[in-house]
Structure formats: structure tokens, C-alpha cells
Amino acid sequence: MKRQLFLFILVGGFAAAVNWLSRMALSLVVNLELAIVLAFLLAMTVAYTLNRRFVFISSGRTVQDEYVRFGIVNLVALVQVFLITIGLDRYLFPMIGMEWHRTAIAHGIGVVSPVFTSYLAHKLFTFSAKPER
């Protein structure tokens, strides 16, 4: 379990970097809200691929079934990331006078926020063993 959690965090860190960096690039061409969503979807696909390959044992489910389950868990995480990022960037940070890299820091905190809840959800739902018939 410790090794699996470590690998999950490692994969998640890489996916978070993909998310964070792609959001910055996407923000050059689309608004922040859309950039957050598009970056999250890109990072989710990277995370699914790496988690399936390196972190979790085969569930016996199809790739499509696992990816849909992965997407459900990540949809909940997306709401969390979105609310935290926008809440910090648009409300809390301006209220406390924080301007230095405000959006980047807000998004970084948002991206890191669902690590442990996502691990448990993926372990118990996304990659759980398919019941025998």
C-alpha cells in the first residue's frame, strides 16, 4: 500500500505538472475557466494512462469502463480544483492583497487539493476488481 500510494503521488505529481503548465499555455489563447477545464482533461488522460500502467493492478475491466470510472472520480476532483482555484484567485487572494503570481499559485493549490480523496476513490472504485459472474 505504501509503495502504491507513493507511485500514485508520483504519477499525480507528474499529471499535476502537466495540468499546471498546460493551463498556463492555454491561458494565452482562452479564458482562465476554459483553460482550467482543458488542462484538467489533458492531465486526467495522462494520469489514467500512467496509473493503469504503473500503479494499480488490473481490475479485469475494459479500458473504456475504467476510463469512465476514472472520469467520474476526476469530475468530482475537477469541481474541487475549479472552486478552489477561482475562489483563491478571484476572492481570497485579492481580499488579502496577494498579487504576486496570484493565478499560478491559486491553480497550484487547487490542483494539489484532491490527492488523497482521489487515491482512495481510484483504489476502491476505478481500479477495483471486476466482480466475478
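Structure shown above.
In this report, we go over the structure that sits alongside the text.

Rules used throughout
- Residues numbered from 1 in each chain as written.
- Predicted model: local features only at pLDDT ≥ 70, side-chain atom pairs only at ≥ 80, totals over all residues.
- Heavy atoms only, no water.
- Salt bridge = Lys/Arg side-chain N within 4 Å of Asp/Glu carboxyl O.
- Axes fitted to C-alpha atoms, helices over the stretch in contact; angles between N-to-C directions.
- Helix = DSSP H or I, 4+ residues; strand = E, 2+ residues; numbered from the N terminus.
- Parallel < 35°, antiparallel > 145°, perpendicular 65-115°, else oblique.
- Left-handed = near helix turned anticlockwise from the far one by under 90°.
- Nonpolar A, V, L, I, M, F, W, Y, C, P; charged D, E, K, R; others polar.
- Contact = heavy atoms within 4.5 Å.

1. Let's talk about the pattern of salt bridges
Piece 1. This model, assessed by the stated rule, comprises seven salt bridges.
Piece 2. By sharing partners, the salt bridges in this structure join Glu33, Asp89, Arg90, Glu99 and Arg102 into a single network.

2. Some details on the packing of helix H1 (residues 2–26) against helix H2 (residues 32–55)
Piece 1. Relative orientation of the contacting elements H1 and H2 amounts to 150°, with a least axis distance of 8 Å. In terms of their interaxial angle, H1 and H2 are classed as roughly antiparallel. Viewed along their axes, H1 and H2 form a crossing whose handedness is right-handed.
Piece 2. Taken together, the residues of the contact of H1 with H2 sort by class into 20 nonpolar, four polar and one charged.

3. Thoughts on the packing of helix H3 (residues 63–95) against helix H5 (residues 115–126)
Piece 1. Axis separation between H3 and H5 bottoms out at 10 Å; the angle between their running directions is 155°. On the basis of their axis angle, the class for H3 and H5 is roughly antiparallel. H3 and H5 meet at a crossing whose hand is right-handed. On the side of H3, the interface is formed by Glu66, Arg69, Phe70, Ile72, Val73, Asn74, Ala77 and Gln80, while H5 contributes Thr117, Ser118, Ala121, His122, Phe125 and Thr126.

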